[in-house]
Amino acid sequence: MEHLLHEPHPLETILLSRRFRLENSASIDTFLANEGFDGFRQALTMTPEEIVAEVKLSNLRGRGGAGFPAGMKWSFVDRKSPKPKYVVVNADESEPGTCKDRVILQYDPFRLIEGVLIAARAIGSERGWIYIRGEYRYLIEHMNAVIATAYERGWLGKNIQGSGMNFDFATQSGAGAYECGEESALLESLEGKRGNPRLKPPFPAQVGAFQCPTVLNNVETYSAAPDVILKGGQYYADLGTPRNGGTRLLCISGHVNRPGVYEVRLGMNMLQAVNELAGGVWKGRKLKAIIPGGSSCPVLTAGECDIPMDYDSLGKAGSMLGSGGMVVLDETTDMVKLLSRIMKFYAHESCGWCIPCREGTTWLKKILARLDGGIGSVNDIDTVDQIAVNMFGHTFCPLGDAAAMPTMAIVRKFRQEFEAKLQSTQVFVPEPGTRSLPVLK
Amino acid sequence: MTFSPELEARFAKMLENYPPGRQKGAVIPMLIYAQDEVGAVTPELVLEIAQRLAVKPIEIDEVVEFYSMLHRTPLGKHHIQICTNIACQLTGGEELWQHACKKLGIGNKQVTEDGLFSLEEVECVGACSWAPAIQDGYEYHHHMTIEKLDQLIEDVRRAVKPQ
């Protein structure tokens, strides 16, 4: 396994990551010797309603991207339903810029199991799966071993630690599809089908895995639950800002001196994270822009980055905290080339189900590739913006929005770069009446 | 079709993980693990899995077409996947890709004559903070440089040369 950790930075708030750097951190004995399963033990003394209330109090919001309040999501499951209830972990981690769930699973895997058990108790579930992207094969094998150990030591299976609670858990491999990170498409994949999203409502809490009530959250969201129970929802909430509780893992990448995964309180200043944690923009260059939470998030120009990192503040700034995938861009970054690459990604990953996304991402990819080569007119820039406007809010699932948002942001905030590319290209236009096509000089 | 005892054991265990009657959920994991052993998703493999899970072959085919890690023809012994998505593009991923294509003399999803290598330009592999990153099969290589890639290729070639 590649080594993923750096020395802890004094400005980090080490809570979720506190076992990462222990020797044999991934072993169950290290886990048990360091408050492992203490949160779950406490949850066993609580009613499901009390567990949900504590998670609501903590203001823990989904760490996969959407930031939906976890306690509220768990409360939507009808415990009295005669159908079996399921707990599903989203370990698809494919949002460009994001590489944190990997770190949790590699260095503190039993923490994830503990979080899942707490959720299972909260909704009355006896079975769950962790859906891991196919590329993370080493983590699938790793989690298979972790789960086997958990069964052996009585933390999974029948009558867990004599509590009367049963829970079965298994890994499920993906096979290369970003769309399967979308909750309903993930559930389709879990059922052995193409990763097309489902119409919502109904939401997974009512109709989820195998059509049964399901809680589906990101790896990091479940992994935060043990501390919410053990240290209390109020403690967790107070670490962050109002309605944005706790800490989160930030994946800083791009043009910085010290890229890495850092744990920060919700509300830490974004520029401080870049300059202090990541050592500032590399090669002595100036900051141009930051993509705050994965490629789906509207880019923020350098002047817009002096803000607290929480869901609400990023929302107010016209972007999103998202998946925590913070990509830093220096002054030499070619924004046209960047957007062209981002659209190539969305066009490839579009599941093809709905017209605005399937056609829209394809057009955007083609036009942007052409503009990146300097071929086109200024009208094409407006066309790109219009396509994005017409995709946004009109697609069957958020992938269309995820493509539209960065397009609108980059085209509007860096329009001059698009125009400059068009002006600087010399085109040889052949004589009228000849059969040759225009050629770039 | 028979698989290795290890794979058969894995499949048997997999089928226990689903609610009664919902074993179709095993399609994608079965396909990707079987592909490792068989080399590709052959028509024979499609029929085998369809039969084992009691579904129609079209239900297997439609899944194979959707997921990018499933392929119908064999790849190289070392399938080099180079990410050129944003974090890697910003730190040299595209240069790595172009170098790899030139060095091996093949393009995207192509295999070298000797079957040793294949190349694929991939989307984000989840190694952004350690970019640029590649995968050789399932194995990750972080902080890649052109020199390290050359060394990787060299090491593979040296290992297969008769002594």
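Here the structure is a predicted model, which means the values were calculated and not measured.

Our next topic: the overall build of chain A. Regarding its fold elements, chain A presents 17 helices and 11 strands. Computed over C-alpha atoms, the radius of gyration of chain A comes to 23 Å, within 12% of the 22 Å expected from 2.2 N^0.38 for 441 residues, which places it in the range of a compact globule. Taken along the three principal axes of its C-alpha coordinates, chain A extends 85 × 45 × 40 Å. When contacts within chain A are restricted to residue pairs at least 6 apart in sequence, those whose partners lie at least 24 apart make up 70%.

So, about the sheet that holds strand 7 (residues 287-291) of chain A. Residue and element names in this part refer to chain A. Strand order in this open sheet of five strands is 6-5-9-7-8, and the pairing throughout is mixed. Strands at the two margins of the open sheet, each flanked by one partner only, are strand 6 (260-265) and strand 8 (300-301). Direction of pairing for strand 5 (residues 247-254) relative to strand 6: antiparallel, over a ladder of six bridges. Its bridge partner being in strand 6, leucine 249 is matched across the sheet by glutamate 263.

This part takes up the domain arrangement of chain B. Segmentation of chain B into domains returns domain 1 (5-66) and domain 2 (78-160). Just the C-alpha atoms count here: the centres of domain 1 of chain B and domain 2 of chain B sit 29 Å apart.

The axes of two packed helices give the description: the angle between them and the distance between them. All names here are of chain A. One can describe the packing of helix 13 (residues 335-349) onto helix 14 (residues 355-372) by two numbers: an axis separation of 8 Å at closest approach and a directional angle of 155°. Here helix 13 lies roughly antiparallel to helix 14, going by the angle between them. The interaxial crossing formed by helix 13 with helix 14 has left-handed handedness. On helix 14, the residues that touch Val336, Lys337, Leu339, Ser340, Met343, Lys344, Tyr346 and Ala347 of helix 13 are Thr361, Thr362, Leu364, Lys365, Leu368, Ala369, Leu371 and Asp372. Across the contact of helix 13 with helix 14, the residue classes tally to nine nonpolar, three polar and four charged.

Before going further, it helps to examine the interface of chain B and chain A. Frequently, the measure chosen for interface size is the accessible area removed from exposure when the parts meet. Between chain B and chain A, the contact holds 37 residues from the first and 49 residues from the second. Of all the elements in the fold, those that place two or more residues in the side of chain B that touches chain A are helix 2 (27-38), helix 4 (57-66) and helix 5 (86-90) of chain B. Considering every element that reaches the side of chain B that touches chain A, the biggest residue donor is helix 2 of chain B, with five residues. Of the residues contributing to the side of chain B that touches chain A, the split by class is 23 nonpolar, 10 polar and four charged.

Our next topic: the environment of B:Asp36. Take B:Asp36: it is sitting in helix 2. The exposure class of B:Asp36 is exposed, given the 11 C-beta atoms found within 10 Å.

Residue and element names in this part refer to chain A. Here chain A is described as being made up of domain 1 (28-239), domain 2 (247-330) and domain 3 (335-423). Each of domain 1 and domain 3 has a C-alpha centre, and the two are 35 Å apart. With eight residues of domain 1 at the interface, the matching set in domain 3 holds eight residues. Across the side of domain 1 that touches domain 3, the residue classes tally to four nonpolar, two polar and two charged.

Quick notes on the rules
Residues numbered from 1 in each chain as written. Chains lettered and ligands numbered in written order. Predicted model: local features only at pLDDT ≥ 70, side-chain atom pairs only at ≥ 80, totals over all residues. Helix = DSSP H or I, 4+ residues; strand = E, 2+ residues; numbered from the N terminus. Rg over C-alpha atoms; globule rule 2.2 N^0.38 Å. Contact = placed C-beta atoms within 7 Å. Pairing = 2+ DSSP bridges. Domains from an automatic or database assignment. Axes fitted to C-alpha atoms, helices over the stretch in contact; angles between N-to-C directions. Parallel < 35°, antiparallel > 145°, perpendicular 65-115°, else oblique. Left-handed = near helix turned anticlockwise from the far one by under 90°. Nonpolar A, V, L, I, M, F, W, Y, C, P; charged D, E, K, R; others polar. Buried ≥ 20, exposed ≤ 12 C-beta atoms within 10 Å, placed from the backbone.

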